[in-house]
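# Report on the structure
Spelled out, the chains give:
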Amino acid sequence: GLVAGTFVTFSDFVMRSLSVIGDEAQGMRAMQSINRVIYRSMFMVLFLGLTPVLGAIAYASSDPWVSAGAITYGLGVFGVTVVANVPMNQKLERMDADVGPAKLYWQQYLAQWTLWNHVRSANAVAATTFLLFAATRTGAG
């Protein structure tokens, strides 16, 4: 749920805010800073830690809702991040925000990164829903 909330925050207003902050270079530098800081944050512990933890819980459980939550998180959140968002972040990091090509990339980045963030937001919410459903069923039984 916390991971979902972080992704929804970016989809809802952080990326829009970065797109209108002064000129492109300012927004781009802000996102480069966010991408650097996030690697040393509690978010990364949760984000990375959930993948093996959910896999182990799904393996030990016979509940299909737990499996659905683990698979949705693994593919739709972790997988999308690795395949889509991280490569865009790495490319952004290598760019000088004050050089012309960076401004063009920044516009593409905003649209594509946000689209993929919507996808992982929806999957994080779905995974949370599946796991909460499993937990309420277990607690009721």
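Residues numbered from 1 in each chain as written. Predicted model: local features only at pLDDT ≥ 70, side-chain atom pairs only at ≥ 80, totals over all residues. Heavy atoms only, no water.

### So, the overall build of the protein
- A count of helices and strands for the protein gives five helices and zero strands.
- Taken over the C-alpha atoms alone, the protein extends approximately 60 × 25 × 20 Å along its principal axes.
- For the protein, buried positions account for 34% of its 141 residues.
- Once local pairs closer than 6 in sequence are excluded, the contacts in the protein between residues at least 24 apart make up 78%.
- Carbon together with sulfur atoms contributes 68% to the accessible area of the protein, which is approximately 7800 Å² in total.
- Distance between charge centres in the protein, computed from 9 positive and 7 negative side chains, equals 4 Å. (Helix = DSSP H or I, 4+ residues; strand = E, 2+ residues; numbered from the N terminus. Buried < 20%, exposed > 50% of the residue type's maximum accessible area, 1.4 Å probe, protein only. Contact = heavy atoms within 4.5 Å. Areas by Shrake-Rupley, 256 points an atom, 1.4 Å probe, with all protein chains shown as cover. Lys, Arg positive; Asp, Glu negative; His and termini not counted. Charge placed at Lys NZ, Arg CZ, Asp CG, Glu CD.)

### Quick word on helix 4 (residues 64-93)
- Along helix 4, the sharpest kink reaches roughly 45 degrees, centred on Thr81.
- A side-chain oxygen of the first residue of helix 4 lies 2.7 Å from the backbone nitrogen of Trp65; this N-cap is Asp63. (Bend = angle between axes of the 7 residues up to and from the residue. Polar contact = N/O pair within 3.5 Å; in protein donor to acceptor, adjacent residues only side chain to side chain.)

### A look at the packing of aromatic side chains
- Tallied over the entire structure, the rule returns eleven aromatic pairs.
- Members of the aromatic cluster, joined through ring pairs, are Phe7, Phe43, Phe47, Tyr73 and Phe78. (Phe/Tyr/Trp six-rings, centres within 6.5 Å; stacked < 30°, edge-to-face > 60°.)

### Concerning the packing of helix 1 (residues 2-19) against helix 2 (residues 24-38)
- Running from N to C, helix 1 and helix 2 point in directions that differ by 130 degrees, and their axes come no closer than 8 Å. One way to sum up the angle between helix 1 and helix 2 is to call them oblique. Mapping the contact onto sequence places Phe10, Met15 and Leu18 in helix 1 and Gly27, Ala30, Met31 and Ile34 in helix 2.
- Tallied by class, the residues present in the contact of helix 1 with helix 2 amount to six nonpolar, one polar and no charged. (Axes fitted to C-alpha atoms, helices over the stretch in contact; angles between N-to-C directions. Parallel < 35°, antiparallel > 145°, perpendicular 65-115°, else oblique. Nonpolar A, V, L, I, M, F, W, Y, C, P; charged D, E, K, R; others polar.)

### Re the pattern of salt bridges
- Scanning the entire structure with this criterion turns up three salt bridges.
- Of the charged contacts in the structure, one is a salt bridge between Asp98 and Arg29, with a shortest N-O distance of 3.1 Å. Of this pair, Asp98 sits in the loop between helix 4 and helix 5 (100-140) while Arg29 is found in helix 2, placing the two residues 69 residues apart along the sequence.
- Judged by relative accessible area, which is 55%, Asp98 ranks as exposed. (Salt bridge = Lys/Arg side-chain N within 4 Å of Asp/Glu carboxyl O.)

### Re the packing of helix 1 against helix 3 (residues 42-60)
- Packing of helix 1 against helix 3 brings their axes to within 10 Å, and their N-to-C directions diverge by 120 degrees. Here helix 1 is positioned oblique relative to helix 3, judged by the angle of their axes. In this structure, the crossing between helix 1 and helix 3 has a hand that is left-handed. Contacts between helix 1 and helix 3 pair Leu2, Val3, Thr6 and Phe7 from the former with Phe43, Leu46, Phe47 and Leu50 from the latter.
- Here the residues of the contact of helix 1 with helix 3 sort into seven nonpolar, one polar and no charged. (Left-handed = near helix turned anticlockwise from the far one by under 90°.)

### Section: the environment of Ala60
- Residue placement: Ala60 occurs in helix 3.
- A relative accessible area of 70% means that Ala60 is categorised as exposed.
- When the C-alpha positions of Ala60 and Val125 are compared, they lie 23 Å apart, and in sequence the two are 65 residues distant.

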